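Spelled out from the first residue to the last, the chains are:
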Amino acid sequence: MRRIVFILLLTAGMAQAQKRGTLPTASDPQQPRASQHASSSMAAPVAGAQAKAPATELPGEASVITLKGLCSAEKAADPKACVSTISKDQFEDVLSAVSLGGQAFSPGAIRNVADNYVQNLVLADAAVKAGVDTDPRVQELLRIVQMRTLAEAYRRALEEKYRSPSAQEIKTYYEANISRYQTVRAERLMVPKFNPRQPKDESGEFQKKAAVVAAEIRERAANGEPLDRLQNDAFLKLGITPPAILPETGLRRRGTFPPGVEEEVFLLKPGEVSKVLSETGGFVIYRMLDKPVYTLEQVKGEIVRDIYQQKMEVAVKGALQSAKTEFNDQYFAPRSTPRALPVKGEAPQKGLGPHRLRPSHSVKLPPAGAAAKKR
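Residues numbered from 1 in each chain as written. Predicted model: local features only at pLDDT ≥ 70, side-chain atom pairs only at ≥ 80, totals over all residues. Heavy atoms only, no water.

> Please explain the overall build of the protein chain as it appears in this structure.
In terms of helices and strands, the protein chain carries eleven helices and six strands. Expressed as a percentage of its 375 residues, the buried residues of the protein chain come to 32%. Put simply, 72% of the contacts in the protein chain that link residues at least 6 apart link residues at least 24 apart. (Helix = DSSP H or I, 4+ residues; strand = E, 2+ residues; numbered from the N terminus. Buried < 20%, exposed > 50% of the residue type's maximum accessible area, 1.4 Å probe, protein only. Contact = heavy atoms within 4.5 Å.)

Following this line, the structure appears as structure tokens:
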């Protein structure tokens, strides 16, 4: 119970440290756990300070925190015996526990964690001695905190499991979704629907005329006339000043075109001209230039993220939907809007810096069938 009280208080202290910006988020806690001191030896020396051995050279059993006056009841009678020590390994287990979410620690942040650790350890001890831990409300709060921590630990375990798909899995996903990585580069001719000189004209005459002009221009484009010349002619026929250049779309992927336009554009072959399409500002005509496809290496990071999110969604939804929940509407107010299932974790990233921790006891999912064997 004392340890649970301490963890609850320590978590609150860590939240305050994070608000101060001392614990930047990382995504990979699977680094050597001594690496939180990797840059401490590179820090600028303080004037008058004595040289000291880097923290990474300390043995695991070396004492890093000494507490005088905090001890068990049987030792409290002897002040000299009332001394508690915390080794480097024990303290880094604490760091690993509070960095379950992958926080990165700067040397200053580590000292803040140590300060919080000591303060909360003493306060938790005082709470137990005062009987605070026997309060039913506190016991219920500890149960809730434990439940919430286990839920978050399970999510983190899933993230660790799914963050690095195999090369074959990435290749299979790429081949199965090759259309998503197709791009188009095209010329785009636009005939405005509305007269910029009379934007509030509600007669519709200008738009009718623009539709006729666009149809004529499209036929000329299909016969091979340059789109820049055709766009100038279209604007002049409508009595408005033509634009100085003909915009080229650049490389565009699926999902970047307006509804009703995308499929028409992607069906075009190089050199072909689309039918007259309607977009918000005007009638448009596309002439396809080429249709390059992103290589596997170019979209590998995107694929890793997609596989990760899909697996997370299946796993978390499966767990959440395994239990059917019914709420008593006489007690609970109806939910105003449907609540989305919290299934997506942080997308895996790499190369975010050296200051990460490796938990001494990593949270991992058991092998398939392990739970059944235990039963």
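Alright, that's what it looks like, and here's the rest.
> How do you make sense of the packing of aromatic side chains when you look at a structure like this?
Within a pair of aromatic rings, the relevant descriptors are the distance that separates the centres and the angle that separates the planes. Overall, the coordinates contain six aromatic pairs when judged by the stated rule. The interplanar angle of 15° and the centroid separation of 5.4 Å between the aromatic rings of Tyr 174 and Tyr 181 together place this pair among those described as stacked. Taking the centre distance of 5.9 Å and the plane angle of 75° together, the rings of Phe 257 and Tyr 286 count as edge-to-face. Placement of Phe 257 in the loop between strand S4 (252-253) and helix H9 (262-267) and of Tyr 286 in strand S6 (residues 282-290) is noted, with a sequence separation of 29 residues between them. Each of the two residues, Phe 257 as well as Tyr 286, counts as buried. Here a set of aromatic residues connected by ring pairs shows up, and it is made of Phe 257, Phe 266 and Tyr 286. Stacked on the ring of Phe 283, the Lys or Arg Lys 193 has its end atom at 5.4 Å from the ring centre. Between the NZ or CZ atom of Arg 252 and the centre of the ring of Phe 257, over which it lies, the distance is 3.9 Å. (Phe/Tyr/Trp six-rings, centres within 6.5 Å; stacked < 30°, edge-to-face > 60°. Lys NZ or Arg CZ within 6 Å of the ring centre and 35° of its normal.)

> Would you mind going over the sheet that holds strand S3 (residues 183-192) with me for this structure?
Two orientations exist for strands paired in a sheet by backbone hydrogen bonds: parallel and antiparallel. Spatially, S4-S3-S6-S5 is the arrangement adopted by the four strands of the open sheet, whose pairing is antiparallel. Edge positions in the sheet fall to S4 and strand S5 (277-278), since each of these pairs with one other strand and no more. Bridge count for S3 against S6 is eight bridges, and the pairing is antiparallel. Considered in S6, the bridge of Arg 188 is made with Tyr 286. Running over the sheet, helix H7 (residues 205-222) touches S3 and S6 and is turned about 20° from S6. Of the strands in this sheet, S3 and S6 are in contact with helix H8 (residues 227-237), which crosses S3 at around 20°. (Pairing = 2+ DSSP bridges. Axes fitted to C-alpha atoms, helices over the stretch in contact; angles between N-to-C directions.)

> What should I look at first to understand the pairing of S3 in this one?
When a strand is regular, its side chains alternate between the sheet's two faces. Both S3 and S4 contribute to a ladder of two bridges, which runs antiparallel. From the neighbouring strand, Thr 183 faces S4, where its bridge partner is Arg 253.

> Explain the environment of Asp 125 to me, please; I cannot follow it from the model alone.
Following the sequence through the fold, Asp 125 ends up in helix H4 (residues 107-129). A residue is classified by how much of its surface remains accessible, and Asp 125, at 4% relative accessible area, is buried.

> I'm lost on the nonpolar core in this one. Help?
Side chains of nonpolar character tend, in soluble globular proteins, to be buried together. Leu 189, Val 191, Ile 217 and Leu 238 are the most contacted members of the largest nonpolar core, which has 18 residues in total. Elements supplying a minimum of two residues to this core: S3, H7, H8 and S6. The dominant element in this core, judged by the number of residues it contributes, is H7, at six residues. Setting aside residues no more than four positions away along its own chain, Ile 217 makes contact with Leu 189, Leu 230, Asp 233, Ala 234 and Ile 285. Residues Ile 86, Ala 109, Ile 110 and Val 113 belong to the second largest nonpolar core, which totals 14 residues. (Core = buried A, V, L, I, M, F, W, Y, C linked by side-chain atoms within 4.5 Å.)

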